[in-house]
Amino acid sequence: MATRQIRIMGDEILRRECKPVKEMTPRLKQLVEDMFETMYETGGVGLAAPQVGILKQIVVIDVEDGNQYVLVNPEILETEGSQTGPEGCLSVPGKSGTVTRPNKVKVRAFDENMEEFELEGEEFLARAICHECDHLHGRLYVDLVEGELENVDDMEDEE
Ligand code: NI
């Protein structure tokens, strides 16, 4: 495993549309492992492939609920309710902002073995799923921020 360099806002790769994965390859499995390592190393709870410069629809999430989620080609099927709260991003270091997201989401995706599954997330997991899926379509949370971006010293909850 190896950590990869995180692209920072302003890098135009973060604004591009990612391509669906057609088949899982050893190279993409390595990417998934590297994404987890990079995310843990930087204290994040989610990371999308474009954040390490790869325009593929791959997301990893670990919101410390005991699961390591790998979402390949994720598609949000349903959303319910709303939540408003702070959000950060490893590609926007040192900042945080208030974003409203669905409180519940249901997503369909493939895992690292290209097995299809559905995942339902609430609250923080729902927020992480929405945030990471946005990355796959060139969207950043700063587009949705209500009010101003704030400076944060604590980098713990970045996605
Ligand atoms: Ni992010």
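None of these values were measured; they are calculated from a predicted model.

Caption draft 1: A look at the sheet that holds strand E6 (residues 104–110). Spatially, five strands are ordered E1-E2-E3-E6-E7 in an open sheet, and the strand pairing comes out antiparallel. Single-partner strands in this sheet number two, and they are strand E1 (46–48) and strand E7 (116–122). Shown here is a sheet whose adjacent strand axes are inclined to one another by a mean of 35 degrees, direction ignored. As paired strands, E6 and E7 are joined by seven bridges and run antiparallel to one another. By the bridge assignment, Ala109 is partnered in E7 with Phe117.

Caption draft 2: Local environment of the pairing of strand E2 (residues 58–61). Across the two faces of E2 the burial is the same, with Ile58 and Val60 and Val59 and Ile61 all buried. Pairing of E1 with E2, which is carried by three bridges, proceeds in the antiparallel orientation. Bridge pairing in E2 places Gly46 opposite Ile61. Sheet topology note: the E2/strand E3 (residues 69–80) ladder contains four bridges and is antiparallel. In the strand pairing of E3, Ile58 is matched with Val72.

Caption draft 3: Just the environment of Lys56, in detail. Of note, Lys56 is situated in the loop between E1 and E2. Assessed through its relative accessible area of 30%, Lys56 is described here as partly exposed. With 80 residues separating them in the primary sequence, Lys56 and Leu136 have C-alpha atoms 7.4 Å apart. Among all residues touching Lys56, those that are not within four sequence positions of it are Cys18, Lys19, Val21, Leu28, Ala49, Pro50 and Leu136.

Caption draft 4: Region of the structure containing unusual backbone geometry. With a phi close to 60 degrees, Met114 is a non-glycine residue in the positive phi region. Tracing the sequence through the fold places Met114 in the loop between E6 and E7. By relative accessible area, Met114 is classed as partly exposed at 23%. A positive phi angle, near 50 degrees, is found at Glu123, a position not held by glycine.

Caption draft 5: How the structure looks around helix H1 (residues 26–41). The first and last C-alpha atoms of H1 sit 22 Å apart over 16 residues, in line with the 22 Å expected at 1.5 Å per residue. Within the sequence span of H1, burial applies to Leu28, Leu31, Val32, Asp34, Met35, Phe36, Thr38 and Met39. Summarising the contacts, the buried residues of H1 are in contact with E1, E2 and E3. Phi turns positive, to about 75 degrees, at Gly43, one or two residues after H1.

Caption draft 6: View of the packing of aromatic side chains. Scanning the entire structure with this criterion turns up one aromatic pair. Centre to centre, the rings of Phe36 and Tyr40 are 6.0 Å apart; their planes meet at 20 degrees, and the pair counts as stacked. One end of the pair is Phe36 and the other is Tyr40, both in helix H1 and four residues apart, which spans about a single turn. What makes Phe36 buried here is its relative accessible area of 9%.

Conventions used here
- Residues numbered from 1 in each chain as written.
- Predicted model: local features only at pLDDT ≥ 70, side-chain atom pairs only at ≥ 80, totals over all residues.
- Heavy atoms only, no water.
- Pairing = 2+ DSSP bridges.
- Helix = DSSP H or I, 4+ residues; strand = E, 2+ residues; numbered from the N terminus.
- Axes fitted to C-alpha atoms, helices over the stretch in contact; angles between N-to-C directions.
- Buried < 20%, exposed > 50% of the residue type's maximum accessible area, 1.4 Å probe, protein only.
- Contact = heavy atoms within 4.5 Å.
- Expected span 1.5 Å × (residues − 1).
- Phe/Tyr/Trp six-rings, centres within 6.5 Å; stacked < 30°, edge-to-face > 60°.

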